[in-house]
Amino acid sequence: MASQKNSHIIRWAVIIISFIIVALILWNTYDFFKKFKTEERAKMEILAKAYERFSTADLDAEISLESKIIGNNNNIPMIITNEKDSITEWSNLDSEKTKKPTFLLKQLSIMKGQNKPITVSYFDKKETITLLIYYRDSDLLTKLKYYPVALILILILFASVIYLFFKSNKIAEQNKLWTGMAKETAHQIGTPLSSLLGWIEILRLENTNENTIKEIENDVHRLNTIAERFSKIGSIPKLEKYNIVTATSNSFYYLKSRSSKQVAFNFEAPEKEILANINLQLFSWVIENLVKNAIDAMEGKGKIVLKITESDKTINITITDSGKGIPKNLHQKIFSPGFTTKKRGWGLGLSLAKRIIEDYHNGKISVQKSELNKGTTFAITLKK
């Protein structure tokens, strides 16, 4: 108990520390982004001053510094417009794409959305000329802006891999536990079964009513079938060719004979044989489990319809009840190990049914439809 508590504390400590580290990385990235953006703004303001001095300089004036400043801007895309918002000049844009006017207008719209323009004013022939310099973030700054998003996505992916790893380990441990319990149960049932068979022979010697003995014998054989099912859990079952109609009807009518008379049982299937490769004990267990669940959902009163149909390649079995129904958000969850809506139960029935049908028989089981207070239809699909 103490080790589990310590493990829980360590797990939460690691999560909190990881969260703090990620938060610090994101904060530092954001802080660096803001500083870098401020530096780019300062560069563009210096560039604007250089343009202003370059435009007003005399022919014999020294403008080598201004020329150098203007020439050194090779990483910040920019567009210069006049007062009427007409484009007069641009730089650091794709030379091929700039041949299309729509490209320049689109880039100008992006620049207007990212940064405030810098105004350049100077006199030319006694006239004041005003230009507006628009610019957008450099490629480096753009990459830096999306770096936190990429980091978060990587962390989410990493966390998902770790979660799936631990979840698969946990499921494997659970499966191992349930398999061990199932095999031990089968072993424990075997001993009293042998004794019961001996008592049946004694009852026959004492001339007990044969019908009574027959019913007891049927239930003993039933217990033996259950023990065989439990013993097969965790092992790869042997599949043999059986008539699905017969295998399904035997399980269906067995439960009908032992259920309340207030439950109406209706079995619909073709009269001909429909053959498929199944493990008879496990397949019968699935049918019985679904029928029992239907009886529980109706609280012992209602109607159950089991229907078998076929197509060219598949066999389709539906079990419909008139019970309380299943909420749509639980249609997948009910097949998870340990999940149950009943006050009593382990929550293993449907998860084992799914494993038997999908893993062992290469079929499919699902909730075909369900309406609250109207009923539920489970569907099983098997290959011929």
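Everything numeric here is computed off the predicted structure, so don't read it as measured data.

Conventions we followed
- Residues numbered from 1 in each chain as written.
- Predicted model: local features only at pLDDT ≥ 70, side-chain atom pairs only at ≥ 80, totals over all residues.
- Heavy atoms only, no water.
- Helix = DSSP H or I, 4+ residues; strand = E, 2+ residues; numbered from the N terminus.
- Contact = heavy atoms within 4.5 Å.
- Areas by Shrake-Rupley, 256 points an atom, 1.4 Å probe, with all protein chains shown as cover.
- Core = buried A, V, L, I, M, F, W, Y, C linked by side-chain atoms within 4.5 Å.
- Buried < 20%, exposed > 50% of the residue type's maximum accessible area, 1.4 Å probe, protein only.
- Expected span 1.5 Å × (residues − 1).
- Patch = residues over 30% accessible without salt bridge, like charges linked within 9 Å, V, L, I, M, F, W, Y side chains within 5 Å.
- Salt bridge = Lys/Arg side-chain N within 4 Å of Asp/Glu carboxyl O.
- Axes fitted to C-alpha atoms, helices over the stretch in contact; angles between N-to-C directions.
- Parallel < 35°, antiparallel > 145°, perpendicular 65-115°, else oblique.
- Left-handed = near helix turned anticlockwise from the far one by under 90°.
- Nonpolar A, V, L, I, M, F, W, Y, C, P; charged D, E, K, R; others polar.
- Phe/Tyr/Trp six-rings, centres within 6.5 Å; stacked < 30°, edge-to-face > 60°.
- Lys NZ or Arg CZ within 6 Å of the ring centre and 35° of its normal.
- Polar contact = N/O pair within 3.5 Å; in protein donor to acceptor, adjacent residues only side chain to side chain.
- Pairing = 2+ DSSP bridges.

1. Re the overall build of the protein chain
No. 1: Within the protein chain, the secondary structure is distributed over 8 helices and 11 strands.
No. 2: Residue pairs in contact within the protein chain that sit at least 24 positions apart in sequence constitute 65% of those at least 6 positions apart.
No. 3: As displayed, the protein chain offers around 25,200 Å² of accessible surface, 58% of which is attributable to carbon and sulfur atoms.

2. Some words on the environment of L47
No. 1: For L47, the position within the fold is in helix 1 (residues 2–56).
No. 2: Distance from L47 to I118, taken between C-alpha atoms, is 9.7 Å for residues 71 residues apart in sequence.
No. 3: Setting aside its immediate chain neighbours within four residues, L47 contacts I69, I70, N73 and M78.

3. Quick notes on the nonpolar core
No. 1: Counting 41 residues, the largest nonpolar core has I244, F283, V291, I304, I308, I317 and I380 as the members making the most contacts within it.
No. 2: At 9 residues, the largest contribution of residues to this core is made by helix 7 (residues 280–297).
No. 3: Contacts of I244, omitting those with residues within four sequence positions, involve I274, A276, I278, F283, I308, I315, I317 and L382.
No. 4: Of all hydrophobic cores here, the second largest spans 13 residues; its members include Y51, I76, I80 and V120.

4. Structural notes on helix 7
Because an α-helix packs 3.6 residues into every turn, residues spaced three or four apart end up facing the same way.
No. 1: For helix 7, built from 18 residues, the straight-helix expectation of 26 Å at 1.5 Å per residue is met to within 8% by its first-to-last C-alpha distance of 26 Å.
No. 2: Looking one or two residues past helix 7, E299 carries a phi angle of roughly 55 degrees, positive in sign.

5. Side note on a nonpolar patch on the surface
No. 1: A cluster of nonpolar residues, W12, I15, I16, F19, I20 and L24, forms a patch on the protein surface that exposes about 640 Å² of accessible area.
No. 2: Relative to the helices and strands, I15 is located in helix 1.
No. 3: The class for I15 is partly exposed, based on a relative accessible area of 44%.

6. As for the packing of helix 6 (residues 244–257) against helix 7
No. 1: The geometry of helix 6 relative to helix 7 is characterised by a closest axis approach of 9 Å and an angle of 45 degrees between their N-to-C directions. By the angle between their directions, the pair helix 6 and helix 7 is classed as oblique. The handedness of the crossing between helix 6 and helix 7 is right-handed. From helix 6, I244, A247, T248, S251, F252 and L255 reach across to helix 7, where they touch L280, F283, S284, I287, E288, V291 and K292.
No. 2: Tallied by class, residues from the contact of helix 6 with helix 7 come to 8 nonpolar, 3 polar and 2 charged.

7. Section: the packing of aromatic side chains
No. 1: On inspection of all chains with the given rule, the structure shows 7 aromatic pairs.
No. 2: Ring centres 5.6 Å apart and planes at 80 degrees place the aromatic pair F252 and Y253 in the edge-to-face group.
No. 3: What makes F252 buried here is its relative accessible area of 0%.
No. 4: With a centroid separation of 6.3 Å and an interplanar angle of 85 degrees, the aromatic rings of F335 and F378 are classed as edge-to-face. Within this pair, whereas F335 is found in the loop between strand 9 (314–321) and helix 8 (349–360), its partner F378 is found in strand 11 (residues 375–383), the two being separated by 43 residues in sequence.
No. 5: A relative accessible area of 7% places F335 in the buried class.
No. 6: Taken together, the ring pairs connect F252, Y253, F265 and F267 into an aromatic cluster.
No. 7: Seen from the ring of Y134, K112 lies directly overhead, with NZ or CZ sitting 5.5 Å from the centre.
No. 8: Directly above the ring of F335 sits K354, whose terminal nitrogen or CZ lies 5.2 Å from the centroid.

8. What to know about the side chain of H361
No. 1: Within the element layout of this structure, H361 appears in the loop between helix 8 and strand 10 (364–371).
No. 2: Reaching out from H361, the side chain makes a polar contact with the backbone oxygen of I356 at a distance of 2.8 Å.
No. 3: Discounting chain neighbours no more than four positions away, the residues touching H361 are L239, N277, I278, N279, F283, I356 and L382.

9. Brief notes about the sheet that holds strand 3 (residues 118–123)
No. 1: Taken together, the 4 strands give an open sheet; going across it, the order is 2-1-4-3, and neighbouring strands pair in antiparallel fashion. Sheet topology places strand 2 (87–91) and strand 3 at the edges, where each strand pairs with a single neighbour. Going across the sheet, the axis of each strand differs from the next one's by a mean of 20 degrees, ignoring polarity.
No. 2: With 4 bridges connecting them, strand 1 (residues 78–82) and strand 2 associate as antiparallel partners. If you follow I80 over to strand 2, its bridge partner there is E89.

10. A short note on the pairing of strand 4 (residues 128–135)
No. 1: Of all 8 residues that make up strand 4, 6 are buried, and the element is covered over most of its length.
No. 2: Where strand 1 lies against strand 4, 5 bridges are found, and the strand directions are antiparallel. Paired with N82 across the bridge in strand 4 is L131.
No. 3: Across 6 bridges, the pairing between strand 3 and strand 4 is antiparallel. Within the sheet, the bridge partner assigned to F123 lies in strand 4 and is T128.

11. A word on the pattern of salt bridges
No. 1: With the rule as written, the count across this model stands at 10 salt bridges.
No. 2: Here E310 makes a salt bridge to K272, at a shortest N to O gap of 2.8 Å. Placement of E310 in strand 8 (residues 302–310) and of K272 in the loop between strand 6 (263–268) and strand 7 (275–278) is noted, with a sequence separation of 38 residues between them.
No. 3: Exposure remark for E310: the relative accessible area of 27% places this residue in the partly exposed category.
No. 4: A salt bridge links E358 to K354; the shortest N-O distance between them is 3.1 Å. Linking E358 with K354, this pair stays in helix 8, spanning 4 residues, or about one helical turn.
No. 5: Take E358: its relative accessible area is 25%, and that puts it in the partly exposed class.

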